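Observations on the three-dimensional arrangement
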Amino acid sequence: GSGNLSDGSTRVLSVSHSEFDSDGTSTGAPGQQLMEEQTDKIQQEQLRIAREAAALQQSILGELLSMEESERDDVLATAKIAHNDFLAKVLEIPSGPDRIQFVTNIDPNVEKQLLMHKLWEKILAQNDGKPPTMRNKTS
C-alpha cells in the first residue's frame, strides 16, 4: 500500500506551510523587533515619569504634613482656588492643540498647587474626609 488506507481514502502525511525568507528568518521580524525596542523605551520613560511623580507627591505631602494646621489650611485654600481657576481657564479653551499647549505650559508654582489640592483631596477621600494625624507631633 502506497499511502492508501484500506477504505480507499488517501492519508495526508504532513503539510506545513510557513512564510520564511530565503535566509530562514520569518518575514516581518526586523519590524517587530524595532516595535518591541520602541515599546521598551516608552515603558522605561513612563516608569521614570511615574517615579518622579511619586517622589514629587511624597515631598509635597511631607511639606503639607510638616506645617502647622492653620498654615496648611491657608496653603490648601490657595491651592483649591488655583485648582478652580485653572479648571475654569482650561474649559474656556476649546479642546485641541490650544488646550494642550495651555496645560503643557502651566506655571510650575500653579502646577504644584494643583498637585497639592489633588493629593490632599485624595488623602481626605481615603481617610473618611479627615486629615491625616501627624505622628511626629505630640498632642
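All of the points below concern the structure found in this document. The structure displayed is predicted, hence computed values, not measured ones. (Residues numbered from 1 in each chain as written. Predicted model: local features only at pLDDT ≥ 70, side-chain atom pairs only at ≥ 80, totals over all residues. Heavy atoms only, no water.)

Mapped onto the elements of the fold, His117 is located in helix H4 (residues 108-126). Judged by relative accessible area, His117 falls into the buried class, the value being 9%. Not counting residues up to four positions away in its chain, the partners in contact with His117 are Ala79, Lys80 and His83. (Helix = DSSP H or I, 4+ residues; strand = E, 2+ residues; numbered from the N terminus. Buried < 20%, exposed > 50% of the residue type's maximum accessible area, 1.4 Å probe, protein only. Contact = heavy atoms within 4.5 Å.)

Before going further, it helps to spend a moment on the pattern of salt bridges. It is possible for side chains bearing opposite charge to pair when their charged atoms get close. By the definition in use, this model includes 3 salt bridges. Between Arg48 and Glu52 there is a salt bridge, with its nearest N and O atoms 2.5 Å apart. One end of the pair is Arg48 and the other is Glu52, both in helix H1 (residues 29-66) and 4 residues apart, which spans about a single turn. Among the residues examined, Arg48 registers a relative accessible area of 34% and is labelled partly exposed. Between Glu63 and Lys112 there is a salt bridge whose closest N-O contact spans 3.0 Å. (Salt bridge = Lys/Arg side-chain N within 4 Å of Asp/Glu carboxyl O.)

Bringing the nonpolar core into the picture now. Core analysis: the largest hydrophobic core is formed by 12 residues, namely Ile60, Leu61, Leu64, Met67, Leu76, Ala79, Leu115, Met116, Leu119, Trp120, Ile123 and Leu124. Of all elements in the fold, only H1, helix H2 (69-92) and H4 reach the threshold of two or more residues within this core. In terms of residue count, the dominant contributor to this core is H4 (6 residues). Discounting residues that sit within four places of it in the chain, Leu64 has contacts with Arg72, Val75, Leu76, Met116 and Trp120. (Core = buried A, V, L, I, M, F, W, Y, C linked by side-chain atoms within 4.5 Å.)

Our next topic: unusual backbone geometry. Positive phi, normally seen in glycine, also occurs at Asp128, with a value near 55°. Positionally, Asp128 belongs in the segment after H4. Judged by its relative accessible area of 68%, Asp128 falls in the exposed class.

On to the packing of H2 against helix H3 (residues 97-104), then. For the pair H2 and H3, interaxial distance at closest approach is 9 Å and the crossing angle is 155°. In this view, H2 runs roughly antiparallel relative to H3, as classed from their interaxial angle. Between H2 and H3 the crossing geometry is right-handed. Contacts from Phe86, Lys89, Val90 and Leu91 in H2 reach Arg99, Phe102 and Val103 in H3. (Axes fitted to C-alpha atoms, helices over the stretch in contact; angles between N-to-C directions. Parallel < 35°, antiparallel > 145°, perpendicular 65-115°, else oblique. Left-handed = near helix turned anticlockwise from the far one by under 90°.)

Before going further, it helps to examine a negative patch on the surface. Judged by side-chain charge, Glu69, Glu71, Asp73 and Asp74 come together as a negatively charged surface patch. Relative to the helices and strands, Asp73 is located in helix H2. The exposure class assigned to Asp73 is partly exposed, which follows from its relative accessible area of 43%. (Patch = residues over 30% accessible without salt bridge, like charges linked within 9 Å, V, L, I, M, F, W, Y side chains within 5 Å. Areas by Shrake-Rupley, 256 points an atom, 1.4 Å probe, with all protein chains shown as cover. Lys, Arg positive; Asp, Glu negative; His and termini not counted. Charge placed at Lys NZ, Arg CZ, Asp CG, Glu CD.)

No statement about biological role is implied by the geometric values presented.
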